[in-house]
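Overview (structure and organization)
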Amino acid sequence: TTGALLPWADHPNFEVFDIEMSPTQVFVAGGGSGGHAQAFNISTGRSQWSSSTDGDAVAVEYQNGVLYIGGHFTKFRGVQSGHIVAVRPTDGVQVPWGIKINSNLGIFSLGSFNGHLSIGGDFTKVNGLTRQHYARFSETADDTPPTTPGKPSAALADPTSVALTWAASTDNLITSVIYNVYRDDLADPIATFTSTSKTTVSYTDSGLTPSSTHTWYVQASDGGNLSPPSPVSDPFTVPAADSPQLTSLQMLDNDSNGKVDTVTATFSDPVTCTAPCTAPWTLTNVPSGGSLSSVDVTGNTATLHLGEGAGAADTSVGTFRVALGADPSGIVGPEPNPASFGPTAPADKAGPVAVDITSANHGTTVGVMQLTDTFSVVFSEPILASTVHAANVKELDVFPTDTLTLVGLAESAIDLGESGIVASGQNATYQNATLTLTNGNRTIVSTIAGPCDGSVCNTLGVDQPSSVTFVPEQTLTDAAGNGAAGALTKVVQFY
């Protein structure tokens, strides 16, 4: 009513063409390098998943617990598709739905009402049947919610965590039920996840304060309908502790240069520490050969600032360990004893960063994009193979300088720094270019393959090295789920 902006944790790194909502999520469809679809928690704005396509995703629609994404793409997460896909809203995984659209541009609009999904676009046929630019699909509207989950029971998992279990819900249609877990009187769930269990479901609530008392309840969803809330659990009191307990230990690369620069240690109580507060800490095998520089303490959290080492960029945890000794002048809280913990691996919150880019000519002419030519990116840690999806490579004439698009590898088109590489208004596109992981999954190689589409194939090209800035595709992640980050500027001779 006031026009004031509300808090929102994460924002898309691409232009957004359409927005859709479910009771618990917000979905967007957009462009970027190729195209993207992304889901967010409706209460916090925290990103839940992001998927890449080889062309713009321009429309998104939610119906009966299924998310439909349409656009100009022909591949979704590297899998061939017909301009439209159906996915699970909780994780973006594609579900079987064999719809094929016959046009190049495909879908421009999606709509849903009372069990009818409508599509509009450039097409004239759907699955071989004549449908001039509009088609409608019907299904029985699902208005039956899952059954009520059982009453949660609580048990101590560790000094600051409680393990919850409850009897599973069932649904008339779906097998993967969505659970929202609520603690005390909080309006928003503390967790949302899916489970296929038909017997017992479990969740561990972490970071709780010793001596605090809590209750929990659970609500199930099929993606469109909410069950009645479960009965509230019996009150559970986290046992008292005689010293502050470690509840979270995280490793970060705040400046996204590929070297770990920060560790945060969060405790169960507000803590203080006598400056400089470096003596009680022991850090071993810090990535890149870093070392502890200084420590700040605010509230429940000690922030360890690291001096970046001279070693190679590395954002993997590896054998990195952090320990805190019991020291009266170290980390202390309201309890009589100082905090301490043994060697502990921090949680990985540092995303992979591009640390080198190179290009190699394997064709007949240097500078001209031809079959078997490559463009390679080295990252600061291994990339999760399931997030690498091959798509097209395109050189395009734009004003004022021409660009190179590496779908699935670069977040946006790379400015080549000069015009005349591609003839005016033209492009050269290799739809079947590949992406290959090498070097222990730290390197992604884009290889030109398949036929070339466009009027300037095998002509012109980059005739001299160019200073370019490469920003990695955000859907590339490490094993911990951290998206690729940072930007690398380097002089490169393309192809």
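Residues numbered from 1 in each chain as written. Predicted model: local features only at pLDDT ≥ 70, side-chain atom pairs only at ≥ 80, totals over all residues. Heavy atoms only, no water.

1. Description of the packing of aromatic side chains
Under the convention used in this document: What counts as a ring pair is set by centres within 6.5 Å for rings of Phe, Tyr and Trp (its six-membered ring), and what kind of pair is set by the plane angle: stacked under 30 degrees, edge-to-face over 60, tilted for all other angles. A run of DSSP states H or I qualifies as a helix once it reaches four residues; a run of E qualifies as a strand once it reaches two. Both are numbered from the N-terminal end. Buried means the residue's accessible area, taken with a 1.4 Å probe over protein chains only, is under 20% of the maximum for its type, while exposed means over 50%, and partly exposed covers the values in between.
Tallying each qualifying case throughout the model produces 14 aromatic pairs. With a centroid separation of 5.0 Å and 65° between ring planes, the pair formed by Tyr68 and Trp97 is classed as edge-to-face. In this pair, Tyr68 sits in strand β6 (residues 66–71) while Trp97 sits in the loop between β10 (94–95) and β11 (107–113), placing the two residues 29 residues apart along the sequence. On the basis of relative accessibility, which here comes to 6%, the residue Tyr68 falls in the buried class. For Trp97, a relative accessible area of 26% gives the class partly exposed. Put simply, the rings of Trp166, Tyr179, Phe193 and Tyr203 pair up and form one aromatic cluster.

2. Details of the sheet that holds strand β5 (residues 57–63)
Where we set the bar: A pair of strands counts as paired when DSSP detects no fewer than two bridges linking them.
Ordered by their spatial adjacency, four strands build an open sheet running β5-β6-β9-β10, and the pairing between neighbours is antiparallel. Since the sheet does not close on itself, it has two edges, and those belong to β5 and β10, each with one partner. Across two bridges, the pairing between strand β9 (residues 84–87) and β10 is antiparallel. Across the sheet, residue Ala86 finds its bridge partner in β10, namely Val95.

3. Here we look at the environment of Ser419
Inclusion rule: Contacts were defined at the residue level, with two residues in contact if any of their heavy atoms lie within 4.5 Å.
Examined against the element boundaries, Ser419 turns out to sit in the loop between β36 (414–415) and β37 (427–430). Using a relative accessible area of 47% as the deciding quantity, one classes Ser419 as partly exposed. Separated by 19 residues in the primary sequence, Ser419 and Pro400 place their C-alpha atoms 6.7 Å from one another. Leave out the neighbours within four places in its chain, and Ser419 touches Pro400, Thr401 and Asp402.

4. Concerning the pairing of strand β28 (residues 301–307)
Residues in a regular strand point their side chains to alternate faces of the sheet. Where strand β25 (residues 262–267) meets β28, five bridges bridge the pair, whose relative direction is antiparallel. Following the sheet pairing, Val263 is matched in β28 by Leu304. Hairpin connection of strand β27 (residues 291–298) to β28: two residues between the antiparallel strands, including Gly299 at a positive phi of 60°.

5. Looking at the sheet that holds β36
With antiparallel pairing, five strands are arranged side by side in an open sheet as β36-β35-β34-β37-β40. Sheet topology places β36 and β40 (452–454) at the edges, where each strand pairs with a single neighbour. Judged from the four bridges that link them, strand β34 (residues 393–396) and strand β35 (residues 403–406) form a sheet pairing that is antiparallel. When the sheet's bridge partners are listed, Val393 is paired in β35 with Leu406.

6. Side note on a nonpolar patch on the surface
Convention followed: Patch definition: residues with relative accessible area over 30% and no salt bridge; like charges joined within 9 Å; nonpolar side chains (Val, Leu, Ile, Met, Phe, Trp, Tyr) joined within 5 Å. Note on areas: Shrake-Rupley, 1.4 Å probe, and residue coverage restricted to the protein chains presented here. Salt bridges are defined as contacts in which a side-chain nitrogen from Lys or Arg sits within 4 Å of a carboxyl oxygen from Asp or Glu.
A surface patch of nonpolar side chains, amounting to about 290 Å² of accessible area, comprises Val16, Ile19 and Met21. Classification of Val16 by relative accessible area gives partly exposed; the value is 36%.

7. Re the side chain of Gln63
By the element assignment, Gln63 lies in strand β5. For Gln63, a relative accessible area of 5% corresponds to the buried category. If we ignore the near neighbours within four places in the chain, the residues touching Gln63 are Tyr68, Ser112, Phe113, Gly115, His116, Leu117 and Glu139.

8. Topic: the environment of Phe320
One can find Phe320 in the loop between β28 and β29 (321–324). A relative accessible area of 0% means that Phe320 is categorised as buried. Those residues within four positions of Phe320 in sequence are excluded, and the remaining contacts are Met251, Val263, Leu283, Thr284, Asn285, Val286, Pro287, Thr344, Ala345 and Pro346.

9. Focus: unusual backbone geometry
With an omega dihedral of 5°, the bond running from Ala275 to Pro276 counts as a cis peptide bond. Inspection of the secondary structure puts Pro276 in the loop between β25 and β26 (281–284). Although it is not a glycine, His133 adopts a positive phi angle of roughly 70°. Relative to the helices and strands, His133 resides in the loop between β14 (129–130) and β15 (134–138).

10. Digging into the environment of Tyr182
Tracing the sequence through the fold places Tyr182 in strand β18 (residues 177–183). For the pair Tyr182 and Val218, spaced 36 residues apart in sequence, the C-alpha to C-alpha distance is 6.1 Å. Beyond its immediate chain neighbours, meaning those up to four positions away, Tyr182 contacts Ala187, Asp188, Pro189, Thr215, Trp216, Tyr217 and Gln219.

11. Focus: the pattern of salt bridges
Under the criterion given, the structure shown has six salt bridges. Here Asp205 and Arg183 are joined by a salt bridge, their closest N and O atoms 2.8 Å apart. Separated by 22 residues along the polypeptide, Asp205 in strand β20 (residues 200–205) and Arg183 in strand β18 bring together distant segments of the chain. For Asp205, a relative accessible area of 2% puts it in the buried group. The salt bridge partner of Asp356 is Lys490, with a shortest N-O separation of 2.6 Å. With a gap of 134 residues between them, Asp356 in strand β32 (residues 354–360) and Lys490 in strand β42 (residues 488–492) connect regions that are remote in the sequence.

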